[in-house]
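Coordinates in review
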Amino acid sequence: MSMTIHVDIVSAEGEIHSGQAEMVFAPAVMGELGIAPRHTPLVTTLKPGDVRVDEGDGEIKHYFISGGMLEVQPHVVTVLADTAVRAEDLDEAAALEAKKRAEEAMKDKSAEFEYAKAAAELADAAARLRSIEKLRKVANKRG
Amino acid sequence: MAVGKEIRTQIASVQSTQKITSAMEMVAASKMRKAQDRMGATRPYADKMRNVIAHLSQSHPEYKHPYTQDREVKRVGYIVVSSDRGLCGGLNSNLFRRLAKDIKAQADSGVEVSFCTIGQKAAGFFGRFGGDMLAQATHLGDAVHINDLIGTIKVMLDAFDEGKLDRLYVAYNSFVNTMTQEPTVEQLVPIAGEEDDELKHHWDYIYEPDAKDVLNGLLTRYVESLVYQSVVENAACEQSARMVAMKSATDNAGELIDELQLVYNKARQAAITQEISEIVGGAAAV
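Summary of the structure given here. (Residues numbered from 1 in each chain as written. Chains lettered and ligands numbered in written order. Predicted model: local features only at pLDDT ≥ 70, side-chain atom pairs only at ≥ 80, totals over all residues. Heavy atoms only, no water.)

Scanning chain A from terminus to terminus reveals two helices and seven strands. Along chain A, helices (α) and strands (β) appear in the sequence β-β-β-β-β-β-β-α-α when read from the amino end. When the 143 residues of chain A are sorted by exposure, 39% land in the buried category. Look at the contacts in chain A between residues 6 or more apart in sequence, and 44% of them connect residues 24 or more apart. As displayed, chain A offers around 8000 Å² of accessible surface, 55% of which is attributable to carbon and sulfur atoms. (Helix = DSSP H or I, 4+ residues; strand = E, 2+ residues; numbered from the N terminus. Buried < 20%, exposed > 50% of the residue type's maximum accessible area, 1.4 Å probe, protein only. Contact = heavy atoms within 4.5 Å. Areas by Shrake-Rupley, 256 points an atom, 1.4 Å probe, with all protein chains shown as cover.)

So, in structure tokens, the structure goes:
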């Protein structure tokens, strides 16, 4: 039997592939990588492209990924695929957007968390829930 | 008959409320199943990611990433995960209460806090009570995508990189079962590594192109996956909490209707009795 290596391809929103393979090809940032069993430990960033899993007997599976990370251990290859296209400036734009939303929400609000006020309102809400609970118990007993 | 007109209207109004709450209960039940499936789907990625991080903490890189380094704590950041909508029992207020306790403890030990909120309810909470809010994400919908969270998380990680925050936490409801949701606060960065005995010997990865970039990408994704998972878990909590809350609301409405019906029947009977006695009294007088 030829040597095989275990391959897992996962994304944050689900598992994509899991199984044995004779060889794995992945689009690393420095160029395409071919990983055979007993490869030395390696981590690298992947760019968008095709991951090919050679399962032997001419059986090759293709998966498109939009970037991610690759980890190689001597007997396991793990591809952590991104579900979104990532780029430094795209991330930056998203971050600015999130900041802006926060600033808008916090307009004319103090920057200090008012513990006392919060605690009072939470206690009030909790008391209300408790009294509803109590009322329900009384109602149940009567009914 | 004039008797009990108000009671009848009240019964009708309670009945229409009951219709709404029972519909909401059913909607929440079906959404909860989907949310739970989604929670299961994120698990493989999180597990694999945790493995890689565990391997990484066992290797001996020359480059130490700031996310793995503990430092003196002057200011901490909380990523607060809440629901967008209400009517889900005490889900959000339980979380905020747990959080308020934490914030108080931090403030007492002289540590300042900053926030970033996910979900409308947390935004509203900190909008009312102030606090230094750095970023915000709302209206994520039922199927949360990780790209809706990237910006928000990046703001917090940038603040960590710049030294404005020395520690990051995520606060969310963890899903125990349909009836139980547990308000949880977890530390995100610095990352606490896990032990793996198999890899105890001295070794290191090959990093391509270099350790700094690769670790940066990997640890950022790790933090993102943790936050994503807590958002997905919180969504499942939201649906199950809403289902339970709506079920008890429907039950309560049923009880209320029964009671009102009883009152109404009594009033009706009293009116009939009175009418009869009036007739009898009138007949006797003649």
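Attention now goes to the packing of helix 2 (residues 91-108) of chain B against helix 3 (residues 120-129) of chain B. All names here are of chain B. Across the interface, helix 2 lies against helix 3 with an axial gap of 11 Å and an inter-helix angle of 50°. When the axis of helix 2 is compared with that of helix 3, the two are oblique. Relative to helix 3, the crossing made by helix 2 is right-handed. Residues Asn-92, Phe-96 and Leu-99 of helix 2 pack against Lys-121, Ala-122, Phe-125 and Phe-126 of helix 3. (Axes fitted to C-alpha atoms, helices over the stretch in contact; angles between N-to-C directions. Parallel < 35°, antiparallel > 145°, perpendicular 65-115°, else oblique. Left-handed = near helix turned anticlockwise from the far one by under 90°.)

Before going further, it helps to spend a moment on the packing of aromatic side chains. Under the definition given, this model contains eight aromatic pairs over all chains. Note on Phe-125 of chain B and Phe-126 of chain B: the rings are 5.1 Å apart at their centroids and 80° apart in plane angle, and the pair reads as edge-to-face. Judged by its relative accessible area of 0%, Phe-126 of chain B is buried. Linked through ring pairs, Tyr-78, Phe-96, Phe-115, Phe-125, Phe-126, Phe-129 and Tyr-169 of chain B together constitute an aromatic cluster. Looking at Arg-52 of chain A, its charged tip hangs above the ring of Phe-25 of chain A, at a distance of 4.6 Å from the centre. Arg-71 of chain B extends its terminal NZ or CZ atom over the ring of Phe-160 of chain B, reaching a point 4.2 Å from the ring centre. (Phe/Tyr/Trp six-rings, centres within 6.5 Å; stacked < 30°, edge-to-face > 60°. Lys NZ or Arg CZ within 6 Å of the ring centre and 35° of its normal.)

Further remarks concern the interface of chain A and chain B. Of the residues lining the interface, 56 residues belong to chain A; the matching set on chain B comes to 57 residues. Across the interface of chain A and chain B, roughly 4900 Å² is buried in total on both sides, 65% from carbon and sulfur atoms. Of all residues in chain A, Val-43, Phe-113 and Leu-122 of chain A give up the largest surface area on contact with chain B, accounting jointly for 14% of the area buried on that side. Summed over the shared surface of chain A and chain B, the result is three salt bridges. Put simply, Asp-82 of chain A and Arg-221 of chain B hold a salt bridge, and the shortest N to O gap is 2.7 Å. Between the two partners, chain A and chain B, sit 13 residue pairs in polar contact (both at pLDDT 80 or more). (Buried area = accessible area lost by both parts, 1.4 Å probe. Salt bridge = Lys/Arg side-chain N within 4 Å of Asp/Glu carboxyl O. Polar contact = N/O pair within 3.5 Å; in protein donor to acceptor, adjacent residues only side chain to side chain.)

This paragraph deals with the pairing of strand 3 (residues 23-28) of chain A. All names here are of chain A. Here four bridges tie strand 3 to strand 5 (residues 42-54), and the two strands are oriented antiparallel to one another. Pairing of Phe-25 across the sheet is with Arg-52, part of strand 5. As paired elements, strand 3 and strand 4 (residues 31-35) share five bridges and run antiparallel to each other. By the bridge assignment for strand 4, Pro-27 is matched with Glu-32. The turn linking strand 3 back onto strand 4 is made up of two residues. (Pairing = 2+ DSSP bridges.)

A separate point is the pattern of salt bridges. A complete count under the given rule lists 17 salt bridges over all chains for this structure. Here Glu-92 of chain A and Lys-154 of chain B are joined by a salt bridge, their closest N and O atoms 3.8 Å apart. Residue Glu-92 of chain A is located in helix 1 (residues 88-105), and its partner Lys-154 of chain B is located in helix 4 (residues 147-161); the two belong to separate chains. On the accessibility criterion, Glu-92 of chain A (34% relative accessible area) is partly exposed. The closest approach of N and O atoms between Lys-164 of chain B and Glu-162 of chain B, which form a salt bridge, is 2.9 Å. Lys-164 of chain B gets classed as exposed once you look at its relative accessible area, which sits at 52%. Salt bridges linked by common partners bring Glu-92 of chain A together with Lys-154 and Asp-158 of chain B together as one network.

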